Amino acid sequence: MSTASDVHFNFRSSFPHIRASSSSSSSSSSSLDAGLSTELDAVSSFSEIVPDTVVFDDFERFPPTAATVSSSLLLGICSLPDTIFRNAVDMALADSSCCKLENSELRLSCFFNKALVNVGGDLAKMVPGRVSTEVDARLAYDTHGIIRKVHDLLKLYSEIDVPPERLLFKIPSTWQGIEASRLLESEGIQTHLTFVYSFAQAAAAAQAGASVIQIFVGRLRDWARNHSGDPEIDDALKRGEDPALSLVSKAYNYIHKYGHKSKLMAAAVRNKQDLFSLLGVDYIIAPLKVLQSLKESAISPDEKYSFVRRLSPQSAAMYNFTEEESMIIVHRLTACVGVYSNLVLVYTILPTMVLSIPFAAICTSIFATTALNLIAEAIINAISSISVSLTTSYYQSLLCFVVLSAMHLTKWDQLSLASAMGPASVELLAAGLDGYVNQARRVEDLFEKMWPPPNV
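Owing to the predicted nature of the structure, the values given are computational and were not obtained by experimental measurement.

Rules used throughout
- Residues numbered from 1 in each chain as written.
- Predicted model: local features only at pLDDT ≥ 70, side-chain atom pairs only at ≥ 80, totals over all residues.
- Heavy atoms only, no water.
- Helix = DSSP H or I, 4+ residues; strand = E, 2+ residues; numbered from the N terminus.
- Contact = heavy atoms within 4.5 Å.
- Core = buried A, V, L, I, M, F, W, Y, C linked by side-chain atoms within 4.5 Å.
- Buried < 20%, exposed > 50% of the residue type's maximum accessible area, 1.4 Å probe, protein only.
- Axes fitted to C-alpha atoms, helices over the stretch in contact; angles between N-to-C directions.
- Parallel < 35°, antiparallel > 145°, perpendicular 65-115°, else oblique.
- Nonpolar A, V, L, I, M, F, W, Y, C, P; charged D, E, K, R; others polar.
- Disulfide = S-S within 2.5 Å.

K.L.:
What is the right way to read the side chain of E444 from this model?
P.N.:
Note on placement: E444 falls in helix α21 (residues 423–450). Once you skip the residues sitting within four places of it in the chain, E444 turns out to touch L108, S109, F112 and R138.

If you want it as structure tokens, here you go:
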């Protein structure tokens, strides 16, 4: 990819004035005693702020509301022998069901699963919100492998009495991962899709019904500063927008404009300006240095009104997508629903037109040739064969529309998602997967050296 030099982001709206405290938390404390609040209090009224840290040993400064257990967290725990979670890892390595496995690869995988769940169980006792558990990134291109892994983890969580509603399962946003999310959500299992770097991925994830969709703001901006050639990023730059913040805004507006259940999470937030421009998004993962700065910045009661909610369901309802974005939103089958919603109205007003408009012919020209679509085609053909009269024409139209509305839930196919993803999302997704796979291998190597633990 060619390198884009001197990329500048022109933020159209101003940010709240940042007024840091003198130097110490004591001065911030005295300000609060005088009736002032902090910037952290102000931003927390718009979005749920989640601390971004490896090991939650310091719960007093920034008590986390939710948590993620991952291979990165396990590495951090193993490097800090005095951490409160170390016993959870030691208990996993001492698990009798894992120890008796003769195959070393299966044994290490068993230890890995047990360690994730033991730590996740401890976190579930400490945070009021949900605990997200990382699914092995080596399964990123294996839909059924992801589903089997989630079922295995869920079974282990049930053994330590952590209910499913307290859990999320963190899955990479490959096509296979999004498809796994769709199937798991249909079972009532909550999923957390990560490595979303394009609007196509975000739209597909929302259509799949993912509970949480995560966008890494800083990583996407880093790519934009050092590369060019991604149409989505280039369009944002032409509008004078930060491409990472633009993606979060588009994804949020899409989710709320079209009534999807997904919650949006902005991660890799590098500074307070990023956080201020994302106010209103469901979750913001912020580093401790940013949270500390927010906590030490006192504001008066009047100043708190200078913080503006940037994203809201009301503004999302008024948001207009570009033609290219609309094509991603509509997709083939969703477009079919729109066509027939108009036909229902036409058939209601002019029922005699049913004699001249071939229902099935129009629909089959839009459908892709998958097994599910062929079933819908057969249903529509059967409905269209009903004897036509002024009475049946209305119900025929309505039934066809119901079938097509149900088809709105049909998944993206792999080719359409791949063609809609730009080079930035492709490269960043691959890099993220490589990092996760490397961390998982490091954990297994470490467990192999640690096993058996003392007194086992």
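Moving on from the model shown.
K.L.:
Looking at this structure, I do not really get the nonpolar core. What am I missing?
P.N.:
Soluble globular proteins tend to bury their nonpolar side chains together. Formed by 117 residues in total, the largest nonpolar core has its most connected members in L74, V119, L275 and F447. The residues touching F447, leaving out its near neighbours within four places in the chain, are L74, C78, V89, L93, L108, F111, F112 and A115.

K.L.:
Where do I start with the packing of helix α11 (residues 231–238) against helix α12 (residues 243–257) in this structure?
P.N.:
When two helices pack together, you describe them by how their axes are tilted relative to each other and by the distance separating the axes. Relative orientation of the contacting elements α11 and α12 amounts to 105°, with a least axis distance of 9 Å. Looking at the two axes, α11 sits roughly perpendicular to α12. Across from E232, I233, A236 and L237 in α11, the residues of α12 making contact are P243, S246, L247 and K250. Considering only residue class, the contact of α11 with α12 consists of five nonpolar, one polar and two charged.

K.L.:
Would you mind showing me how to read the state of the cysteines here?
P.N.:
Between two cysteines, a covalent bond joining their sulfur atoms is known as a disulfide. Applying the stated rule across the entire model yields one disulfide. Through a disulfide, C98 is tied to C110; the S-S separation comes to 1.9 Å. The S-S bond linking C98 to C110 shows a torsion near -65°; that makes this disulfide left-handed. Residue C98 is located in helix α5 (residues 96–99), and its partner C110 is located in helix α6 (residues 104–126); the two are separated by 12 residues in the primary sequence. Neither C98 nor C110 differs from the other in exposure class; each is buried.

Scope: geometric values only; no functional claims are made or implied.
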